[in-house]
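Structural features, examined
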Amino acid sequence: MLAVATLPAVSCGEGVRQPPMDSAGAPAATSEGVSVAESQRLRLTGVGATLPYPLYARWFNEYAAVAPVRITYRSEGSPQGIAAALNGSADFGATDIPVSDSAMVASGRSVVHIPMAVGAVAITYNVPGATRPLRLSAEVIADLFHGRIAFWDDARLRAINPGVTLPHLAVRPVRRSDGSGTARIFARYLQLVQGADAPWPDGDSVIVRDGNEAVAAEVKATAGAVAYLEVVYARQNRLPAAHVRNRAGQFVSPMPFEIATAAANTLDGLAPFDDEGVSGFRLSLLDAEGRQAYPLAAFTWLLIVPSQLSAAKRTALADFLHWAFLEGAASASSMGYVPLPSAVADAVLARVDAALRCNPCATGAASGTVR
């Protein structure tokens, strides 16, 4: 059985355009670090998911104090992260959606997927009078978002929430307007557990917002709201998170142990990861096995195309990734991010060294199948 958590990682969301962040604000020298003139720093740029933005902001600042590198990151969403990695407009991308084989073949580039953390999508809500976390099944979640449950005191909600006072209050679904990883994870979960791919509803009853922060603000302001939201953003905004029924029939909260358990249970049967050089850890953690596994868990990845980078930049990225997994653990844990299982972290770092400490790096597109 894989260890659940020993190393740091990140969690998940996209769409909100945060201001550009980099390590320039970090001190140029510390008692333990290095003193480097700004002009002498190697510069790296990244674009992508908002889910890991808070952690990346802290990591890049901390790393600037111990290494002669300045890393700039723009959190614009997973689709933008994929595009930036494939077209070379940034040194790395970040995404909560793996790059498909067809996209890599079309671009002629092989993308290295580096899982940085196990994240999760929370189902949050604003239901006055509900003093403890609501229990929701996949069927009930789908009906809430598609208008088939119109009021919070619906019999289906009362049946799985005994003892909870539910008001006769209209359900107000809040959905994302952007092509975010958070939205894709949520949609894929419903498709997986229900076997349907219905379009999102439109109309006056549905509130549409762009980005995790905007969704969180809307839920706070709207009585009766229900939304899908990256779990770290839910915690930061002190929003409730529903306990979701998993494959084993248990109602599970999106807490770090339960999220990590989903990854550990999924990956346990795949060790020793002999084929991950091809499939690149593009793994779905949705609806994982196990009584304690949270069913809406997912990796968030860094995307790197080695053939587009100089040897100096490849080495700098490899060095940073080793530091992030081994030295950034305390920062990641203190922020509430979920670490990778230890066996996976070891395999990821081996993959990093093979892909980035290369001279020259291969240019062919990957041919593996996404799991």
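Residues numbered from 1 in each chain as written. Predicted model: local features only at pLDDT ≥ 70, side-chain atom pairs only at ≥ 80, totals over all residues. Heavy atoms only, no water.

1. Observations concerning the overall build of the protein
- From N to C terminus, the protein includes 13 helices and twelve strands.
- Burial status across the protein gives 55% buried among its 371 residues.
- Considering only contacts in the protein between residues 6 or more positions apart, those separated by 24 or more positions represent 81%. (Helix = DSSP H or I, 4+ residues; strand = E, 2+ residues; numbered from the N terminus. Buried < 20%, exposed > 50% of the residue type's maximum accessible area, 1.4 Å probe, protein only. Contact = heavy atoms within 4.5 Å.)

2. Describing helix α7 (residues 212-221)
- For α7, every residue scored as buried is listed here: Asn-212, Val-215, Ala-216, Glu-218 and Val-219. Mapping the buried residues of α7 onto a view down its axis gives an arc of 165°, with all of them on the same face.
- Contacts from the buried residues of α7 go to β5 (112-125), β7 (172-176), α6 (181-194), β8 (207-209), β9 (225-230) and α8 (231-236). (Arc of directions from axis to C-beta.)

3. Topic: the pattern of salt bridges
- Scanning all chains against the criterion turns up twelve salt bridges.
- Notably, a salt bridge pairs Asp-101 with Arg-282, separated by 3.0 Å at the nearest N-O pair. Of the two residues, Asp-101 is situated in helix α3 (residues 101-107) and Arg-282 in the loop between α10 (276-279) and β12 (297-304); the sequence distance between them amounts to 181 residues. Comparing Asp-101 with Arg-282, the two get one shared label, buried.
- Across the pair Asp-319 and Arg-357 runs a salt bridge, and its minimum N-O distance is 3.0 Å. Residue Asp-319 is found in helix α11 (residues 311-326), and its partner Arg-357 is found in the segment after α13 (342-356); the two are separated by 38 residues along the sequence.
- Here Asp-319 falls in the partly exposed class, since its relative accessible area comes to 33%.
- Here the salt bridges do not stand alone but share partners, grouping Asp-143, Arg-148, Asp-154 and Arg-156 into one network. (Salt bridge = Lys/Arg side-chain N within 4 Å of Asp/Glu carboxyl O.)

4. Regarding the nonpolar core
- Counting 111 residues, the largest nonpolar core has Trp-59 and Leu-144 as the members making the most contacts within it.
- For this core, the leading source of residues is β5, giving nine residues. (Core = buried A, V, L, I, M, F, W, Y, C linked by side-chain atoms within 4.5 Å.)

5. Topic: the sheet that holds strand β11 (residues 251-252)
- The strand order across the open sheet formed by three strands is β6-β10-β11, and the pairing between neighbours is mixed. Taken across any chain shown, the strands that pair with only one partner, and hence form the sheet edges, are β6 (135-136) and β11.
- Taken together, the two bridges between strand β10 (residues 243-245) and β11 define a ladder with antiparallel strand orientation. Residue Val-244 lies in a different strand from β11, and its bridge partner there is Val-252. (Pairing = 2+ DSSP bridges.)

6. Here's the deal with the pairing of strand β2 (residues 42-48)
- The pairing of β2 with strand β3 (residues 69-75) spans seven bridges and is classified as parallel. Looking across to β3, one finds that Gly-48 is bridged to Ser-75.
- In this fold, the crossover linking β2 to β3 by way of helix α1 (residues 53-64) has right-handed handedness.
- Bridging between β2 and strand β4 (residues 92-95) involves three bridges; their strand directions are parallel. Counted as the bridge partner of Gly-46 is Phe-92 from β4. (Right-handed = clockwise from strand over helix to strand, strands pointing away.)

7. As for the environment of Val-164
- Following the sequence through the fold, Val-164 ends up in the loop between α5 (155-160) and β7.
- Along the sequence, Val-164 and Gly-129 sit 35 residues apart, while their C-alpha atoms lie 8.3 Å from each other.
- The residues contacting Val-164, other than those within four sequence positions of it, are Ala-130, Arg-132 and Leu-134.

8. Overview of the packing of α1 against α11
- Two numbers describe how α1 lies on α11: the axes approach to 11 Å, and their chain directions differ by 110°. It follows that α1 is roughly perpendicular to α11 by the angle criterion. Side by side, α1 and α11 meet where Trp-59, Phe-60, Glu-62 and Tyr-63 of the first sit next to Ala-316, Asp-319, Phe-320, Trp-323 and Ala-324 of the second.
- Its residues assigned to classes, the contact of α1 with α11 shows seven nonpolar, no polar and two charged. (Axes fitted to C-alpha atoms, helices over the stretch in contact; angles between N-to-C directions. Parallel < 35°, antiparallel > 145°, perpendicular 65-115°, else oblique. Nonpolar A, V, L, I, M, F, W, Y, C, P; charged D, E, K, R; others polar.)

9. Topic: the packing of α11 against α13
- One can describe the packing of α11 onto α13 by two numbers: an axis separation of 9 Å at closest approach and a directional angle of 170°. Between α11 and α13, the interaxial angle falls into the category roughly antiparallel. Together, Arg-314, Thr-315, Leu-317, Ala-318, Leu-321, His-322, Phe-325 and Leu-326 of α11 and Val-348, Leu-349, Val-352, Asp-353 and Leu-356 of α13 make up the contact between the two elements.
- For the contact of α11 with α13, the per-class residue count stands at nine nonpolar, two polar and two charged.

10. Some remarks on unusual backbone geometry
- The phi angle at Arg-238 is positive, at roughly 55°, despite the residue not being glycine.
- Structurally, Arg-238 can be placed in the loop between α8 and β10.
- According to the relative accessible area criterion, Arg-238 is exposed, its value standing at 80%.
- Here the phi dihedral of Asp-287 falls at roughly 55°; this positive angle occurs in a residue that is not glycine.
- As for its position among the elements, Asp-287 is in the loop between α10 and β12.
- Given a relative accessible area of 12%, Asp-287 falls into the buried group.

11. A look at the packing of aromatic side chains
- What the rule picks out here adds up to 16 aromatic pairs.
- Residues Tyr-125 and Trp-152 carry aromatic rings whose centres are separated by 6.3 Å and whose planes lie at 50° to one another, so their mutual orientation is tilted. Of this pair, Tyr-125 sits in strand β5 while Trp-152 sits in the loop between α4 (138-145) and α5; the two residues are 27 residues apart in sequence, bridging distant segments of the chain. Trp-152 shares its class with Tyr-125; the two are buried. (Phe/Tyr/Trp six-rings, centres within 6.5 Å; stacked < 30°, edge-to-face > 60°.)

Any link to function would need more than the numbers given here.
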